[in-house]
Amino acid sequence: MINLMLTSCTSDKPMAASSSAIANAHDAEELHVGLGAAEPCISPKFLYDALGSKLFEAICELPEYYPTRTEAAIFERHGAEIARVAGTGATMIDLGAGNCAKAAKLFPLLQPAQYVAVDISSEFTHDALARLRQRFPQIAMEALGMDFSNRFELPELVRAERRLFFYPGSSLGNFTPELAHEFLMRLRAQCGPDGGILIGIDLAKDKATLDAAYDDALGVTAAFNLNILRHVNQLVDADFDIRQWRHHGFYNAARGRIEMHLEARTAQDVHWRGGARRFEAGDCIHTENSYKYQQADAIKLLERSGFEATRVWTDPQRWFAVIHAQAIPV
């Protein structure tokens, strides 16, 4: 969620999708293919329009949603040591920056020479950056509107020296392990010889805790998931009746991941620009995965992707890990 994500907390989302009412050709084709697939799906990036980002902010305040407060406690307890390991004066590149709040809390410790906020929810991020410039005028700041899930290349305005990718919130979990490996390799290619990554990883834990975190009693996560249909209606002129769908979020232990689905309450026909589909009662649309890692597996994934873990910080329950990893010289 937001990890792919979005906000006062960075989601476990990989990216956010544009809130424009007209989808670009790539997004429209992606939605058309996903909705028409044998097992229909919508990319989690479409969860994060302006309303979706605000709903995720609310999720981060829920008692059931442990990742945000657990990660925040790690940064608060170990912030000074994290700064010593990661170093000051870096080019801090915040992936899925949302409202930039997580990065901003680290500014006094990390003292980045340049801060680059990357998010496709560009209006949300630009507004946040305008406020941050007033609070931290000594830090050069840039906002990049970018979908970094499939390709990633930083423009020249981003300093090449000591790039530190900041990817909190366990957003990496939105990728399958194979795609996570490809994504991390793309980051490594943009890192340079002296770069690194500071990343949050949600660790495997009991099913009851995970189920509650993604299907809260108040129904905020349900509203967040259902909002994706409203966003799709805007983007590709679809006619989803949101009242005819329900949220279903659960931990799939066999696959080591949270799954979020939308289930049709009744049989219905749905149309969108260039396509249509019949959904029977009980049919589901898959909207998000969030993989939960064993700590050793997360470190191995980083190593296979060109990063060497230099330090790991966890909470007392070992529910969450913050890892700093240095780019391995090539």
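The protein has the name L-histidine N(Alpha)-methyltransferase in an unreviewed UniProt entry, where Massilia arenae is given as its organism.

The sheet built from 7 strands is open, its strands ordered 3-2-1-4-5-12-11 with mixed pairing. Edge strands, defined here as strands with exactly one partner in the open sheet, are strand 3 (140–144) and strand 11 (307–314). Strand-to-strand twist across the sheet, computed as the mean angle between neighbouring axes with direction ignored, equals 20°. Strand direction decides the pairing type here: strand 1 (residues 91–95) and strand 4 (residues 163–167), joined by 4 bridges, are parallel. Among the inter-strand pairings, Asp-94 is bridged to a residue of strand 4, identified as Phe-166. Its contacts with the sheet place helix 9 (residues 295–304) against strand 5 (196–202), strand 11 and strand 12 (320–327), and it is angled at close to 155° to strand 11.

Turning to the packing of aromatic side chains, a few remarks are in order. Counted under the stated rule, the structure contains 18 aromatic pairs. Taking the centre distance of 5.0 Å and the plane angle of 70° together, the rings of Phe-107 and Tyr-115 count as edge-to-face. Phe-107 gets classed as buried once you look at its relative accessible area, which sits at 2%. The class of Tyr-115 is buried, set by a relative accessible area of 0%. Plain terms: the ring middles of Phe-240 and Phe-279 are 6.3 Å apart, the flat faces sit at 45° to each other, and that makes the pair tilted. Placement of Phe-240 in the loop between helix 8 (220–236) and strand 6 (245–252) and of Phe-279 in strand 9 (residues 275–279) is noted, with a sequence separation of 39 residues between them.

Thresholds applied
- Residues numbered from 1 in each chain as written.
- Predicted model: local features only at pLDDT ≥ 70, side-chain atom pairs only at ≥ 80, totals over all residues.
- Heavy atoms only, no water.
- Pairing = 2+ DSSP bridges.
- Helix = DSSP H or I, 4+ residues; strand = E, 2+ residues; numbered from the N terminus.
- Axes fitted to C-alpha atoms, helices over the stretch in contact; angles between N-to-C directions.
- Contact = heavy atoms within 4.5 Å.
- Phe/Tyr/Trp six-rings, centres within 6.5 Å; stacked < 30°, edge-to-face > 60°.
- Buried < 20%, exposed > 50% of the residue type's maximum accessible area, 1.4 Å probe, protein only.

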